Structure formats: structure tokens, C-alpha cells
Amino acid sequence: MVSEAVDAYAALAQRRGLTLVQLALGYVASRWFTGASIIGATTMAQLKEDVAAAQRTLDTATLDEIKQIQLRYPNPAA
């Protein structure tokens, strides 16, 4: 079920013209309870992508689609 959930998020990111990093960090930043996002980067390219992604804000339609995926796959690793 993990693969299906990842595929759904990847498809959403592609439809919205985003990378998975932009989708993930945008979602985390949209949560009212998040004070800071913790990123992991082992290369300068990854760090640059993380920083650029952190500067994007996801629109309501994208957040709604994320919610729909979460409803389909509430605990994909279970």
C-alpha cells in the first residue's frame, strides 16, 4: 500500500507542476502547528531544492487533493 500512496502523491505533484519535495514541504508548512520544518540534505543540490521548496505556498486545491489522498491511504505503512 505504500507504493500506491507514493504514486498518488507523485501524480498529484506532477499535475500541479511540483516536485515531491515541494509538495511535502509545502504541506508541512501549511500545518498551523508546525513551527519549523526539519529537512535533510546530503548534497548542495538537495539543500537548494529544500530551500526553494520552503518558499512555496500550496494553494487550497492542492491541499484538498492531499486530504483526499490521506483519506484513501490513512496509514499506508500498516
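Residues numbered from 1 in each chain as written. Predicted model: local features only at pLDDT ≥ 70, side-chain atom pairs only at ≥ 80, totals over all residues. Heavy atoms only, no water.

## Observations concerning the overall build of the chain
This is how it is decided: Helix and strand definitions follow DSSP, with helices as H or I runs of at least four residues and strands as E runs of at least two, each counted in order from the N terminus. Contacts between residues were defined by any pair of non-hydrogen atoms, one from each residue, lying within 4.5 Å. Accessibility throughout is a Shrake-Rupley quantity obtained with a 1.4 Å probe, and a residue counts as covered only by protein chains that appear here. Charged-residue counts in this description rest on Lys and Arg as positive and Asp and Glu as negative, His and the chain ends being excluded. To locate a charge, take NZ of a lysine, CZ of an arginine, CG of an aspartate or CD of a glutamate.
A tally of helices and strands in the chain yields 4 helices and 0 strands. Its helices and strands taken in sequence order, the chain reads α-α-α-α from the N to the C terminus. Structurally, the chain occupies a C-alpha span of about 35 × 25 × 25 Å along its principal axes. By sequence separation, contacts in the chain at least 24 residues apart represent 72% of the contacts at least 6 residues apart. Here the chain has roughly 5,500 Å² of accessible surface; of this, 58% comes from carbon and sulfur atoms. Charged side chains of the chain number 7 positive and 7 negative; the gap between the two group centres comes to 4 Å.

## Quick notes on a nonpolar patch on the surface
Selection criterion: Grouping into patches uses exposed residues only, defined as over 30% relative accessible area, and leaves out salt-bridged ones; the cut-off is 9 Å for like charges and 5 Å for nonpolar side chains (Val, Leu, Ile, Met, Phe, Trp, Tyr). Salt bridge, as used here: a side-chain nitrogen of Lys or Arg that lies within 4 Å of a carboxyl oxygen of Asp or Glu.
Residues I39, M44, L47 and V51 make up a contiguous nonpolar surface patch of roughly 330 Å² in combined accessible area. Among the structural elements, L47 can be located in helix α3 (residues 44-54).

## Details of the packing of helix α2 (residues 20-30) against α3
So the rule is basically this: Axes, fitted as lines to C-alpha atoms, cover a helix only where it is in contact. Angles between the N-to-C directions of the axes lie from 0 to 180 degrees. Note on terminology: angles under 35 degrees are roughly parallel, angles over 145 are roughly antiparallel, angles of 65 to 115 are roughly perpendicular, and the others are oblique. Here a crossing is taken to be left-handed if its near helix is turned anticlockwise relative to the far helix by less than a right angle, and right-handed if that turn runs clockwise. The classification used treats Ala, Val, Leu, Ile, Met, Phe, Trp, Tyr, Cys and Pro as nonpolar, Asp, Glu, Lys and Arg as charged, and all other residues, Gly among them, as polar.
Interhelical geometry of α2 versus α3 gives an angle of 50° and a closest axis separation of 8 Å. It follows that α2 is oblique to α3 by the angle criterion. Of the two possible hands of crossing, α2 and α3 adopt the one that is right-handed. Along the contact surface, α2 presents V21, Q22 and L25, while α3 presents E49, D50, A53 and A54. Here the contact of α2 with α3 is composed, by residue class, of 4 nonpolar, 1 polar and 2 charged.

## Considering the pattern of salt bridges
The line we're drawing: Burial classes follow relative accessibility: with a 1.4 Å probe on protein chains only, a residue under 20% of its type's maximum area counts as buried, one over 50% as exposed, and anything between as partly exposed.
Taken as a whole, this structure holds 2 salt bridges when the rule is applied. A salt bridge links R15 to E65, with the shortest nitrogen-to-oxygen separation between them at 2.5 Å. With R15 in helix α1 (residues 2-15) and E65 in helix α4 (residues 60-72), this residue pair connects regions lying 50 residues apart in the sequence. A residue is classified by how much of its surface remains accessible, and R15, at 55% relative accessible area, is exposed. Judged by relative accessible area, E65 falls into the partly exposed class, the value being 24%. The partner of R16 in a salt bridge is E65, and the shortest N-O contact between them spans 2.5 Å.

## Observations concerning the packing of aromatic side chains
Centre distance and the angle of the planes are the two values used to describe a pair of aromatic rings. For the record, the criterion: By convention, a stacked pair of Phe, Tyr or Trp rings (six-membered ring in the case of Trp) has centres within 6.5 Å and planes under 30 degrees apart, an edge-to-face pair has planes over 60 apart, and any other such pair is tilted.
Counted according to the given criterion, the structure contains 1 aromatic pair. A ring pair is formed by W32 and F33, whose centres lie 5.4 Å apart and whose planes are at 85°; its orientation type is edge-to-face. The same class applies to W32 as to F33, namely exposed.

## Concerning the environment of R31
Let me state the cut-off plainly: We call two N or O atoms a polar contact when they sit within 3.5 Å, provided that within protein one can donate a hydrogen and the other can accept it, with sequence-adjacent residues counted only if both atoms are side-chain atoms.
Counting through the fold element by element, R31 comes out in the loop between α2 and α3. What makes R31 partly exposed here is its relative accessible area of 26%. Separated by 36 residues in sequence, R31 and K67 have C-alpha atoms that sit 12 Å apart. Within the structure, R31 has its side chain in polar contact with the side chain of S30 (distance 3.0 Å).

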